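# Structure assessment
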Amino acid sequence: MEKILISACLVGDNTKYDGSNNLKKNPYMDALLEKYELVPFCPEVSGGLSIPRKPSERKGDQVYNNEGKNVTTNFLLGAERALDLCLYLGIRVAILKETSPSCGVHEIYNGQFKNIKIKGVGFTTELLKRKGIRVISEDEIEAFLQEK
Ligand code: SF4
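These remarks concern the structure in this document.

## Some details on unusual backbone geometry
Going from Ile51 to Pro52, the amide bond is cis rather than trans, its omega being -10 degrees. Relative to the helices and strands, Pro52 resides in the loop between helix H2 (43-46) and strand S3 (56-59). Of note in this structure, Phe113 is not a glycine but carries a positive phi near 55 degrees. Along the polypeptide, Phe113 turns up in the loop between strand S6 (107-109) and strand S7 (117-119). A count of 13 C-beta atoms within 10 Å places Phe113 in the partly exposed class. Phi at Asn115 takes a positive value of approximately 60 degrees, unusual for a residue other than glycine. Along the chain, Asn115 falls in the loop between S6 and S7.

Written as structure tokens, this is what we have:
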């Protein structure tokens, strides 16, 4: 069965900054599990950040938390570990959580902590795409399932 990397919070792991998850927003998870082996992964936790943690937003090529601390190193490490896992397991597709500074696929927050979204990608999405791994958002699962 083909393996797919998936943001851990999308399958119910409480890895969000506030200790919760994003499972309830994904009605297609059962159908996905019938066809693929899902590999849950949280770049921010893997990059050394705690649960819970301060929310962070991307600003250019840096990431800051809402207290102004630069956490870019953690985000870069998490992205590299996601890539390492994909390469090790032969994963060619990742489904990541929209708007996250790590996992955002089409949109992220603008770095001002004012709940304003802009076009952009998270650090992990950016690295995986650069290395040729297809990244889709949780909003695109239904369309992805209909491809095959
Ligand atoms: S970094 Fe990605 S997997 Fe981890 S909590 Fe945020 S959106 Fe979910």
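## Overview of the site of the ligand
Lining the immediate surroundings of the ligand are Ser7, Ala8, Cys9, Thr15, Lys16, Cys42, Pro43, Glu44, Lys97, Ser100, Ser102 and Cys103. Class assignment of the residues belonging to the shell around the ligand gives a composition of five nonpolar, four polar and three charged.

## Some points on the pairing of strand S4 (residues 62-65)
Taken together, the four bridges between S3 and S4 define a ladder with antiparallel strand orientation. Within S4, the residue paired with Glu57 across the bridge is Tyr64. Taken together, S3 and the strand that follows it, S4, pair antiparallel across an intervening segment of two residues, in which Gly60 is found at a positive phi of about 65 degrees.

## Examining the nonpolar core
In terms of nonpolar packing, the biggest core is built from 31 residues, with Leu5, Ala82, Cys86, Ala94 and Leu128 touching the most fellow members. Of all elements in the fold, only strand S1 (3-7), helix H3 (72-89), strand S5 (93-96), S6 and helix H4 (123-130) reach the threshold of two or more residues within this core. Take this core: its biggest share by element is five residues, from H3. Setting aside residues no more than four positions away along its own chain, Leu128 makes contact with Ala82, Leu83, Cys86, Ala94, Ile133 and Val135.

Rules used throughout
- Residues numbered from 1 in each chain as written.
- Predicted model: local features only at pLDDT ≥ 70, side-chain atom pairs only at ≥ 80, totals over all residues.
- Helix = DSSP H or I, 4+ residues; strand = E, 2+ residues; numbered from the N terminus.
- Buried ≥ 20, exposed ≤ 12 C-beta atoms within 10 Å, placed from the backbone.
- Near = placed C-beta within 6 Å.
- Nonpolar A, V, L, I, M, F, W, Y, C, P; charged D, E, K, R; others polar.
- Pairing = 2+ DSSP bridges.
- Core = buried A, V, L, I, M, F, W, Y, C linked by C-beta atoms within 7 Å.
- Contact = placed C-beta atoms within 7 Å.

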